[in-house]
Amino acid sequence: MSDHHDPRELVSLGCRVLDLMGQSDLAWGHVSVRDPDGRGVWIKARGLGFDEVGPNDVVLVDRAGRVLDGTGGVHAEYPIHTEVLAARPDAAAVVHTHPEAAVAFGATDLPLRPIGHEGALFSPPSPPRFTATSDLITTPELGAAVAAALGGHNALLLVNHGVVTVGGDLPTAVLGAVFLEKACRTQLAAAATGRPLTWSSDEEARAKRDSVFGPGQVAGAWRYLLRRLGAQGRF
C-alpha cells in the first residue's frame, strides 16, 4: 500500500496529478515538499516528465543544491523551492510549472479577478508578479527574490516564464497550480469577448475560500484525482 506520508510518494503523486491536469511541459517543471527532519527539500529529479515520476525519482536536496538522498540530477531551478520554503515556515510544498493560460495572463497588466470560484482562491488581492527576470531561477539570490515577491501569497506569476504556488501540504500546492491556471484561462476568455466583466465582491470572494476551497473540499478533490490516476493504472 502507498505511504501518503512518505515525501517521495507525495512528490511523485503531485507530479502525476499535474500531468493529469494538463500542466506537463516536456521534462520541465517541478514539485517539492519540505523534509520533515529539516534537511532540505524532496524534489522531482531532473530530466523526467511529470508523467514518468515515481517515488524513486525524487531526491533530497539541501539549500546548496547537494543531493543528500536518492539518485538523479537536480533541477537548475531548485532555488525556487529551497528559498521559498526557507522564507515560508507556514508552507510545506512548492510547485513550479509553465501553464499556458497563466503565462499568457501574467504577460498582461490585468489584475486577477474572482470571476469564477477559482479566482477567489487568489484574489483579492491579485497574485503578485515577479519581473526581475524571465530567465531560469538558478541562484539562491534569485530564489530569495522570488520568495520575497511571493511574500505571504499562495501564488506568484513569473512574468514570461510560469507560476509558483505554495501550500501547507502538497495537495494544496498542487491544486493551487491547477486552480490558478483555470482562473487565468477563465478571465482571459471573458476578457476576449470585449464586454464588461463582473466578479465576486471582495467579501464574497474571501468567504468562498472556506466554503468552496476549505480543507474538506481540497481533500475531496485530491481523492478524486487519485482515483482518476488509479483508474488509469498510474497510482
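The following refers to the structure shown. (Residues numbered from 1 in each chain as written. Predicted model: local features only at pLDDT ≥ 70, side-chain atom pairs only at ≥ 80, totals over all residues. Heavy atoms only, no water.)

## Thoughts on the overall build of the protein chain
Here is the rule we go by: Runs of E in the DSSP output that reach at least two residues are strands. Runs of H or I that reach at least four are helices, and both are numbered from the N terminus. Exposed residues in this analysis have more than 50% of their type's maximum accessible area, buried residues have under 20%, and partly exposed residues fall in between, with area computed by a 1.4 Å probe over protein chains only. In this analysis, two residues are considered to be in contact whenever any of their non-hydrogen atoms come within 4.5 Å of each other. Every accessible area reported is derived by Shrake-Rupley at a probe size of 1.4 Å, with residue values counting cover from the shown protein chains alone.
If you tally the helices and strands in the protein chain, you get 8 helices and 8 strands. Taking all 235 residues of the protein chain together, the buried fraction comes to 49%. In the protein chain, the proportion of contacts linking residues at least 24 apart, taken out of those at least 6 apart, comes to 65%. Counting only carbon and sulfur atoms, one obtains 52% of the accessible surface of the protein chain, whose full area is about 10600 Å².

## Brief notes about the packing of helix α1 (residues 7-20) against helix α6 (residues 170-191)
Which entries qualify depends on this criterion: For helices, the axis comes from a line fit to the C-alpha atoms of the stretch in contact; other axes are also lines fit to C-alpha atoms, and the angle between any two N-to-C directions lies between 0 and 180 degrees. Here is the rule for angles: anything less than 35 degrees is roughly parallel, anything more than 145 is roughly antiparallel, 65 through 115 is roughly perpendicular, and the remaining ranges are oblique. Rotating anticlockwise by less than a right angle from the far helix to the near helix defines a left-handed crossing, while the corresponding clockwise rotation defines a right-handed one. Note that Gly is not counted as nonpolar here; it falls among the polar residues with everything else outside the nonpolar set of Ala, Val, Leu, Ile, Met, Phe, Trp, Tyr, Cys and Pro and the charged set of Asp, Glu, Lys and Arg.
Between α1 and α6, the shortest axis-to-axis distance is 10 Å and the interhelical angle comes to 15°. When the axes of α1 and α6 are compared, the pair comes out roughly parallel. In terms of crossing hand, the pair formed by α1 and α6 is right-handed. Where α1 abuts α6, its residues Leu10, Val11, Gly14, Val17 and Leu18 lie against Leu170, Val174, Ala177 and Val178. Of the residues assigned to the contact of α1 with α6, the class counts are 8 nonpolar, 1 polar and no charged.

## Considering the pattern of salt bridges
Quick reminder of the rule: Note on definitions: salt bridges are taken to be side-chain nitrogens of Lys or Arg within 4 Å of carboxyl oxygens of Asp or Glu.
Overall, the coordinates contain 7 salt bridges when judged by the stated rule. Two residues, Arg8 and Asp6, come together in a salt bridge whose shortest N-O distance is 3.2 Å. One salt bridge connects Asp90 with Arg88, and the closest N-O pair in it is separated by 2.8 Å.

## Remarks on the pairing of strand β8 (residues 162-167)
Using the following cut-off: Strands were regarded as paired on the criterion that DSSP finds at least two bridges between them.
By the criterion of burial, β8 is predominantly enclosed, with 6 of the 6 residues buried. Burial of the side chains of β8 extends over both faces: Gly162, Val164 and Val166 are buried on one face and Val163, Thr165 and Gly167 on the other. Here strand β5 (residues 93-97) runs beside β8; their pairing, made up of 5 bridges, is antiparallel. Directly across from Val95, in β8, lies its bridge partner Thr165. Linking two consecutive strands that pair antiparallel, namely strand β7 (residues 155-158) and β8, is a turn of 3 residues; a positive phi of about 60° is found at Asn160 within it.

## What about the sheet that holds strand β4 (residues 67-69)?
By way of backbone hydrogen bonds, the strands of a sheet pair with one another, either parallel or antiparallel. Strand order in the open sheet formed by 8 strands is β4-β3-β2-β1-β5-β8-β7-β6, and the pairing between neighbours is mixed. Edge positions in the sheet fall to β4 and β6 (129-130), since each has one partner strand and no second. Relative to β7, β6 is paired through 2 bridges, and the arrangement is parallel. Within β7, the position partnered with Phe130 by the bridge is Leu158. On top of the sheet, α6 reaches β1 (30-34), β5, β7 and β8; it is set at about 145° to β8, its chief contact.

## What about the nonpolar core?
The condition is simple: Side-chain atoms within 4.5 Å are what join buried Ala, Val, Leu, Ile, Met, Phe, Trp, Tyr and Cys residues into a set we call a nonpolar core.
By size, the foremost hydrophobic cluster in this structure holds 42 residues, and its most contacted members are Leu18, Val31, Leu170, Leu180 and Trp222. Where this core is concerned, the elements lending two or more residues are α1, β1, β3 (58-61), β5, α3 (100-106), β7, α6 and α8 (215-231). If you tally residues by element for this core, the top one is α6, at 10 residues. If we ignore the near neighbours within four places in the chain, the residues touching Trp222 are Leu13, Gly14, Val17, Leu170, Pro171, Val174 and Leu175. In this structure, Val41, Tyr78, Val84 and Ala91 belong to the second largest nonpolar core, which totals 21 residues.

## Examining the packing of helix α2 (residues 78-87) against helix α5 (residues 140-150)
Packing of α2 against α5 brings their axes to within 8 Å, and their N-to-C directions diverge by 50°. Between α2 and α5, the interaxial angle falls into the category oblique. Note that α2 runs across α5; the crossing there is right-handed. In this structure, α2 uses Pro79, Glu83, Val84 and Ala87 to contact α5, whose residues at the interface are Pro140, Gly143, Ala144, Val146, Ala147 and Leu150.

Any functional reading would require information that these geometric values do not contain.
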